[in-house]
Number of protein chains: 2
Amino acid sequence: MPLKETFKALSDPARREILEMLKDGPMRAGDIAARFSMRQATVSYHLSQLKGAELIRERREKNYIYYELNTSVFEELLLWASAFTADQGEYALEEKKGELHHET
Amino acid sequence: MPLKETFKALSDPARREILEMLKDGPMRAGDIAARFSMRQATVSYHLSQLKGAELIRERREKNYIYYELNTSVFEELLLWASAFTADQGEYALEEKKGELHHET
DNA sequence: TCTATATTTAGATAAATTTCTAAATGGCGG
DNA sequence: CCGCCATTTAGAAATTTATCTAAATATAGA
């Protein structure tokens, strides 16, 4: 929940690439690993980091695990970043400010 | 310019705290260090990381150096994050998409 | 129940990062 | 030109992180 974990998770290029892949829809760990030159165990590690940051969710189906984006944390990030821009009005800021805490 | 550096820079809590401080206006390295329990040399290191990511700029005046926010990179970040949210329409996305490259 | 498959966990290593102390730099004012 | 002040740079130590191999777990289906 705190943004601290979010930034930590986003700091790794491989993890951001995984997120980009998931834009096209849910994927299994094996499918993700197949597109990288890293071991499946390593991909599993990155997935656990992303899951810990709640940037992704897992959905179990048969004996597979599908990973998918969790958009809500991206909205928190959006809110955080918008507080640093000059033109804060462009993003719907005020409505959401109250709902979320604003930790670093 | 690539977002890679941005995420790297934002991954450290101390650096994010520095950014928060700079919301209130430009500060000198010494003033920033005075608010932390870390050495000035360490703060200097963090400032150089933030500067490398173009999240801050320095302005020299007399024999001081003032650090201040550079909002443009935050807008890139905003753009990146908005591509992961369901409701992309809320942020003025289309106008800016062409101007920026969209690397990871 | 047994086996095959998908995935994670454990443990180890290598690389990167943060932090410190001490020394160097650079510019103003006298 | 000199010494002072703010700040950075260098180098080293400690911590964290990413990655690998090998082993463990879980589960579907025969």
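So, here is what we can say about the structure in this document. (Residues numbered from 1 in each chain as written. Chains lettered and ligands numbered in written order. Predicted model: local features only at pLDDT ≥ 70, side-chain atom pairs only at ≥ 80, totals over all residues. Heavy atoms only, no water.)

Focus: the environment of Ser72 of chain A
All names here are of chain A. Inspection of the secondary structure assignment puts Ser72 in helix H5 (residues 71-82). Its relative accessible area of 41% is what places Ser72 among the partly exposed residues. Through-space distance from the C-alpha of Ser72 to that of Leu22 is 15 Å; in sequence the pair is 50 residues apart. (Helix = DSSP H or I, 4+ residues; strand = E, 2+ residues; numbered from the N terminus. Buried < 20%, exposed > 50% of the residue type's maximum accessible area, 1.4 Å probe, protein only.)

As for unusual backbone geometry
Peptide bonds are mostly trans, and most non-glycine residues show a negative phi. Residue and element names in this part refer to chain A. Phi at Glu54 is positive, roughly 60°, even though this residue is not glycine. Considering the arrangement of structural elements, one finds Glu54 in the loop between helix H4 (40-52) and strand E2 (56-61). Judged by relative accessible area, Glu54 falls into the partly exposed class, the value being 32%. Even without glycine at this site, Lys62 takes up a positive phi of about 55°. When you line up the elements, Lys62 lands in the loop between E2 and strand E3 (64-69).

Overview of the pattern of salt bridges
Taken as a whole and assessed by the stated rule, the structure comprises 14 salt bridges over all chains. Linking Glu68 of chain A and Arg57 of chain A is a salt bridge whose minimum nitrogen-to-oxygen distance equals 3.8 Å. Residue Glu68 of chain A is located in strand E3, and its partner Arg57 of chain A is located in strand E2; the two are separated by eleven residues in the primary sequence. Judged by relative accessible area, Arg57 of chain A falls into the partly exposed class, the value being 41%. When the shortest N-O distance is used, the salt bridge between Glu20 of chain B and Lys23 of chain B registers 3.0 Å. Residue Glu20 of chain B is classed as buried on the basis of its relative accessible area, which comes to 19%. A single network of salt bridges, built from pairs that share partners, joins Arg57, Arg59, Glu61 and Glu68 of chain A. (Salt bridge = Lys/Arg side-chain N within 4 Å of Asp/Glu carboxyl O.)

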